[in-house]
Amino acid sequence: MPQATTREPGELVGPRFALFSDVLLLGLATTVACLPVLTAPAAMSTACAVLDRRVRHDRTITVGGYFRALRARLRTGDLAAGAAVVAGGALLLFNALVAGAGLPGAAVFRPALLAAGALLAVVLLRACARPESATSWREAARAAAYETVRAPRGSAVLLLAVATAAVCAWAYPPLALLVPGPLALAARAVEHAGATAPATAATPAVPATAATAPAAPAAPATSSYSRTTTEHP
């Protein structure tokens, strides 16, 4: 569905600002969905899926639609993934406290710990943006780890997004309620760029003999999230 590029008479905000407001609304809804902690990975994955449908099909994001999509996809594997994230975060926090207590070699250990935490955050964001996260977090994490190493430019963009979100939340704590939305948008944008760039580069040249052949009708683009999750606005 083509998106409008002009503001209708009497419309207060244009379509670009409408997307921005949808992202902030989605961030607030995702924060609420993350409050049980174990649901955090599923909440972020659902946010990426909802944003994917918003951009591809120009469907307005609603809080009710987001929670319906989350409830439709929530499964035991999502809670297990949440438990793994909590365990990993607790381990990083414990090591940070030990390093701050005067551990020998802390000057080297602290940067290594920070790098490990940043790497895990990037992998987790990439996994949430993967379509496999709707069915198997193990497959999503494996693909996300591979993409993190294979596409360092996208990983750097996500790392910058995480750092910016952390600074904003530290400088003005109420912004922490909204940061999941921009983070989901960044993760989905990086995932989309990584999925389309190799396909474009691998497109073979059309032979001269095939130049006169009739072109087949193009199939409508379908998001992988549309096949794995369903939102009922």
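Residues numbered from 1 in each chain as written. Predicted model: local features only at pLDDT ≥ 70, side-chain atom pairs only at ≥ 80, totals over all residues. Heavy atoms only, no water.

Participant: Before we go on, may I ask you to explain the overall build of the chain in this structure?
Facilitator: Scanning the chain from terminus to terminus reveals nine helices and zero strands. Its helices and strands in sequence order give the chain the pattern α-α-α-α-α-α-α-α-α, from N to C terminus. Scored against the burial criterion, the 233 residues of the chain give a buried share of 31%. Long-range pairs, those at least 24 residues apart, make up 73% of the contacts in the chain between residues at least 6 apart in sequence. A total of about 13,600 Å² of accessible surface is found on the chain, and carbon and sulfur atoms cover 72% of it. (Helix = DSSP H or I, 4+ residues; strand = E, 2+ residues; numbered from the N terminus. Buried < 20%, exposed > 50% of the residue type's maximum accessible area, 1.4 Å probe, protein only. Contact = heavy atoms within 4.5 Å. Areas by Shrake-Rupley, 256 points an atom, 1.4 Å probe, with all protein chains shown as cover.)

Participant: Can you help me understand helix α2 (residues 40-57) in this one?
Facilitator: Since the α-helix packs 3.6 residues into each turn, any two residues three or four apart lie on the same face. Spanning 18 residues, α2 covers 26 Å between terminal C-alpha atoms, matching the ideal 26 Å at 1.5 Å per step. When you tally the buried positions in α2, you get 14 out of 18 residues, the bulk of the element. Among the residues trailing α2, D58 stands out with phi positive, at a value near 55°. (Expected span 1.5 Å × (residues − 1).)

Participant: I keep staring at the nonpolar core and nothing clicks. Help me out?
Facilitator: Note on soluble globular proteins: their nonpolar side chains tend to be buried together. Counting 34 residues, the largest nonpolar core has L26, Y66 and L158 as its most contacted members. Put simply, the parts of the chain that give this core at least two residues each are α1 (15-34), α2, α3 (63-73), α5 (106-129), α6 (137-150), α7 (152-171) and α8 (180-201). Broken down by element, this core gets its largest block of residues, seven residues, from α2. Not counting residues up to four positions away in its chain, the partners in contact with L158 are V122, L125, R126, A186, A187 and V190. (Core = buried A, V, L, I, M, F, W, Y, C linked by side-chain atoms within 4.5 Å.)

Participant: For this particular structure, what's the right way to read the side chain of D22?
Facilitator: You can see D22 is positioned in helix α1. Contacts of D22, omitting those with residues within four sequence positions, involve R54, T60 and I61.

Participant: Which parts of the structure should I look at to understand the confidence of the model for the chain?
Facilitator: Detailed reading of predicted coordinates is not advised where the pLDDT is low. Model confidence for the chain is summarised by a mean pLDDT of 80, while 77% of its residues fall at 70 or above. Per-element mean pLDDT across the chain ranges from 48 in helix α9 (residues 224-228) up to 94 in α6. Every residue in residues 1-5 scores below 50 in pLDDT, and together they form nine contacts with partners more than four places removed in sequence or on other chains. Here residues 226-233 scores under 50 on pLDDT; set against residues more than four positions off or in separate chains, the count is 21 contacts. (pLDDT = per-residue confidence, 0-100.)

Participant: Looking at this structure, how should I read the packing of aromatic side chains?
Facilitator: The relative placement of two aromatic rings is captured by the distance of their centres and the angle of their planes. For the coordinates displayed, the defined rule picks out one aromatic pair. Taking 5.2 Å as the distance between ring centres and 75° as the angle between the ring planes, the aromatic pair formed by Y66 and F67 counts as edge-to-face. In this structure Y66 comes out as buried when scored by relative accessible area, which is 0%. Overall, F67 belongs to the partly exposed group, its relative accessible area being 27%. (Phe/Tyr/Trp six-rings, centres within 6.5 Å; stacked < 30°, edge-to-face > 60°.)

Participant: Just checking my understanding: could you explain a nonpolar patch on the surface for this structure?
Facilitator: Taken together, the side chains of V37, L38, L74, L79 and V86 present a nonpolar region at the surface, about 360 Å² in accessible area. With respect to the element layout, L74 can be found in the loop between α3 and α4 (76-100). Given a relative accessible area of 38%, L74 falls into the partly exposed group. (Patch = residues over 30% accessible without salt bridge, like charges linked within 9 Å, V, L, I, M, F, W, Y side chains within 5 Å. Salt bridge = Lys/Arg side-chain N within 4 Å of Asp/Glu carboxyl O.)

Participant: Would you mind going over α3 with me for this structure?
Facilitator: For α3, the complete set of buried residues consists of G65, Y66, A69, L70 and R73. Down the axis of α3, the smallest arc covering the buried residues is 135°, so these residues share one side. Exposed and facing more than 90 degrees away from the buried side of α3 are R71 and A72. (Arc of directions from axis to C-beta.)

Participant: What is the right way to look at the packing of α4 against α5 in this model?
Facilitator: Two measures define how a pair of helices packs: the angle their axes make with one another and the distance between the axes. Contact pair α4 / α5: the axes reach a minimum separation of 10 Å and the direction vectors enclose 165°. Our classification of the angle between α4 and α5 gives roughly antiparallel. The chirality of how α4 crosses α5 is left-handed. Counted together, V85, L92, N95, A96, A99 and G100 of α4 and A106, F109, R110, L113, G117, L120 and L124 of α5 form the full contact between these two elements. Residues of the contact of α4 with α5, tallied by class, amount to nine nonpolar, three polar and one charged. (Axes fitted to C-alpha atoms, helices over the stretch in contact; angles between N-to-C directions. Parallel < 35°, antiparallel > 145°, perpendicular 65-115°, else oblique. Left-handed = near helix turned anticlockwise from the far one by under 90°. Nonpolar A, V, L, I, M, F, W, Y, C, P; charged D, E, K, R; others polar.)

Participant: Looking at this model, I keep getting lost on the pattern of salt bridges. Mind explaining?
Facilitator: A complete count under the given rule lists nine salt bridges for this structure. Between R73 and D78 there is a salt bridge, with the nearest N and O atoms lying 2.6 Å from each other. Accessibility classification places R73 together with D78 in one group, the buried group. Counted as one network, the salt bridges with shared partners bring together D52, R56 and R188.

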